[in-house]
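Listed below, chain by chain, are the residues.
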Amino acid sequence: MAKVKTTFFCQNCGAQSPKWIGRCPSCDQWNTYVEEILHKENKNDKVQGLISTSTQRAKKPMAIQDIGIAEESRIPIADKELARVLGGGIVPGSLVLFGGEPGIGKSTLMLQLALTLKNLKVLYVSGEESELQIRMRAERINTQNPQCFILSETNTQNIFTQIEALEPDLVIIDSIQTLHTSYIESSPGSVSQVRECAGELMKFAKESATPVFLIGHITKEGSLAGPKVLEHMVDTVLQFEGDRNYVYRLLRTTKNRFGSTNELGIYEMHGAGLREVNNPSEILITHREQPTSGVTIAATIEGMRPMLIETQALVSSAAYGTPQRSSTGFDLRRLGMLLAVLEKRCGFRLGVKDVFLNIAGGIKIEDPGVDLALVCAILSSSEDMPIPQNICFTGEVGLTGEIRPVNRVEQRISEAEKMGFEKIFISSYNKKGIDLTAFKIEVITVSKIEEVFGKLFG
Ligand code: TYD
Ligand code: MG
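The following paragraphs examine the structure supplied in this document.

The rules we used
- Residues numbered from 1 in each chain as written.
- Chains lettered and ligands numbered in written order.
- Predicted model: local features only at pLDDT ≥ 70, side-chain atom pairs only at ≥ 80, totals over all residues.
- Heavy atoms only, no water.
- Helix = DSSP H or I, 4+ residues; strand = E, 2+ residues; numbered from the N terminus.
- Buried < 20%, exposed > 50% of the residue type's maximum accessible area, 1.4 Å probe, protein only.
- Contact = heavy atoms within 4.5 Å.
- Pairing = 2+ DSSP bridges.
- Axes fitted to C-alpha atoms, helices over the stretch in contact; angles between N-to-C directions.
- Disulfide = S-S within 2.5 Å.
- Patch = residues over 30% accessible without salt bridge, like charges linked within 9 Å, V, L, I, M, F, W, Y side chains within 5 Å.
- Areas by Shrake-Rupley, 256 points an atom, 1.4 Å probe, with all protein chains shown as cover.
- Salt bridge = Lys/Arg side-chain N within 4 Å of Asp/Glu carboxyl O.
- Core = buried A, V, L, I, M, F, W, Y, C linked by side-chain atoms within 4.5 Å.
- Near = heavy atom within 4 Å.
- Polar contact = N/O pair within 3.5 Å; in protein donor to acceptor, adjacent residues only side chain to side chain.
- Right-handed = clockwise from strand over helix to strand, strands pointing away.

### Quick look at the environment of Q112
Among the structural elements, Q112 can be located in helix α3 (residues 106-116). Residue Q112 is classed as buried on the basis of its relative accessible area of 14%. When sequence neighbours within four positions are dropped, the list of residues in contact with Q112 reads I141, G273 and L274.

Printed below as a string of structure tokens:
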């Protein structure tokens, strides 16, 4: 029997050490080293068998102009949201990591992709569900593709054998944490297994020009489980997020070698799978009979996509001694900052009030351009004065109470105009370089927070 070789791996960043150490020198985390068994022998022979011998030849440098770009042509996909997030179709030979919390709909989205790629042979490898379970899910989604093959398997060598026989045009792995390679003896999901399996799949993807999608689990902290090297290895990292109690799901890219990051795709989970949401503004705003206090509309941008979103605030006298601050979909610390600005610059006594914030639809917003809408919602609730429904806001609030400019303001204004709003408040610093007369919507520019209230409530 071959000698058993063990190494210690940091479970956080994947760093290796021959002996146990308390603190990882590369990521500074404590107590993250775990011993894992390595057993490397004639490694990669299966993968090697799959790839052409040309790769064995030593490579020579090439002039950049001489490298053909024809092979970069993308595989078109019907799902517009996924296509946008990927940067327009699937790049041959790309390795895509697709992460998200359990139950968010990762397997559903990938199966939908497999079923809608009609003229391509797709292999869906599942280590989590049986063939029957996947078949039942496919029934729910109600799309058929005779070229979609399901394999319930976790051993990478067996998977490569099947790939060799089937020659698929796309491979989907659900999930990378369930795979194991025979060359390493540690358990599936451990750092060394995840890294090794991903490495084998990357080699396969690059050398056969077959795109591979890896579904990945998420840790408690919300980052992708497994070593950080996994994220470095792949070409694209997609993140599926959203509140499981709501129907909307957001698809983001955090890394993309073939397109821009920060693109956003929106889906709606319903009885028959995920449905694309092509016009988010329409669903994120509730049309009310009467304007209600504490509700404002923010014109925000996610990636390249302008979106109007409802923000809600509730301000009430603190029921207990310590005032509560709570926020859903918006950074709580930033809320604290906005309240301090209102208190200090405008003299509103919010320090003794409970303040609750909510962004409609269970969506998380990071764009500071929603500040102005939030501040107005807080004041509207605090003074119990409704803001007319035909007004929307975009602007960042600075520490001195100034309204700071936002990016892509024209796109935000046009979206507001398209959605039938009559007035939009923007920062006066945004006025430069844009032609306000080109818009039908009335654009009101403000530079100080006090000015906004004057113009709103007179
Ligand atoms: P799933 O894709 O299994 O999530 P993941 O792979 O990320 O863990 O999706 C699970 C949830 O989606 C499940 O709770 C039920 C729901 N769902 C629907 O509401 N409609 C559907 O058509 C499908 C297939 C799933
Ligand atoms: Mg799943």
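### Here we look at the sheet that holds strand β5 (residues 122-126)
One open sheet holds the nine strands; their spatial order is β6-β5-β7-β8-β4-β9-β10-β11-β12, and the pairing between them is mixed. The outermost strands of the open sheet, each flanked by one partner alone, are β6 (148-152) and β12 (273-276). Between one strand and the next, the sheet's axes are offset by a mean angle of 25°, whatever the strand orientation. Sheet analysis places strand β9 (residues 236-241) next to strand β10 (residues 248-256), joined by six bridges and oriented antiparallel. Paired with Q239 across the two strands is R252, which belongs to β10. Strands β4 (95-100), β5, β6, β7 (170-174), β8 (212-216), β9, β10, β11 (264-270) and β12 of the sheet are contacted by α3, whose axis makes an angle of about 165° with β8.

### What to know about the state of the cysteines
Counted under the stated rule, the structure contains zero disulfides. Here C27 stays free of any disulfide, with the sulfur of C24 as its closest cysteine sulfur at 3.7 Å. Its sulfur unpaired, C392 is 11 Å from the next cysteine sulfur, which belongs to C376. Relative accessible area serves as the criterion here: at 0%, C392 is assigned to the buried category.

### Topic: a nonpolar patch on the surface
Together, M62, I64 and I67 line one region of the surface with nonpolar side chains, adding up to about 350 Å² of accessible area. On the secondary structure map, M62 appears in the loop between α1 (45-50) and α2 (80-86).

### Description of the nonpolar core
Core analysis: the biggest nonpolar cluster contains 44 residues, and L342, I378, F393, F425, V452 and F453 have the highest contact counts within it. Among the secondary structure elements, those contributing two or more residues to this core are β11, β14 (305-317), α9 (332-346), β16 (353-359), α10 (371-383), β17 (391-393), β21 (442-446) and α12 (449-457). The element contributing the most residues to this core is α10, with eight residues. Every residue in contact with I378, bar those within four places of it in the chain, is listed here: A313, V315, L335, L339, L342, L350 and L357. Core analysis: the next-biggest nonpolar cluster, separate from the first, contains 33 residues, V85, C148, L170 and Y267 among them.

### A word on the site of ligand 1
As a matter of local geometry, ligand 1 sits amid 15 residues, with G103, K106, S107, T108 and G273 nearest to it. Taking T108, its side chain carries an N or O atom lying 2.6 Å from an oxygen atom of ligand 1. Interatomic distance of 3.2 Å between a side-chain N/O atom of R140 and a nitrogen atom of ligand 1. Calculation on ligand 1 without its partners gives an accessible area of 560 Å², and the protein chains cover 74% of this total. Listed by contribution, the elements that provide at least two residues to the shell around ligand 1 are α3, α4 (131-141) and β11. The element best represented in the shell around ligand 1 is α3, accounting for three residues.

### As for the pairing of β6
Sheet topology places β5 next to β6; five bridges connect them, and they run parallel. Paired with L123 across the two strands is F149, which belongs to β6. Considered for its hand, the β-α-β crossover made up of β5, α4 and β6 is right-handed.

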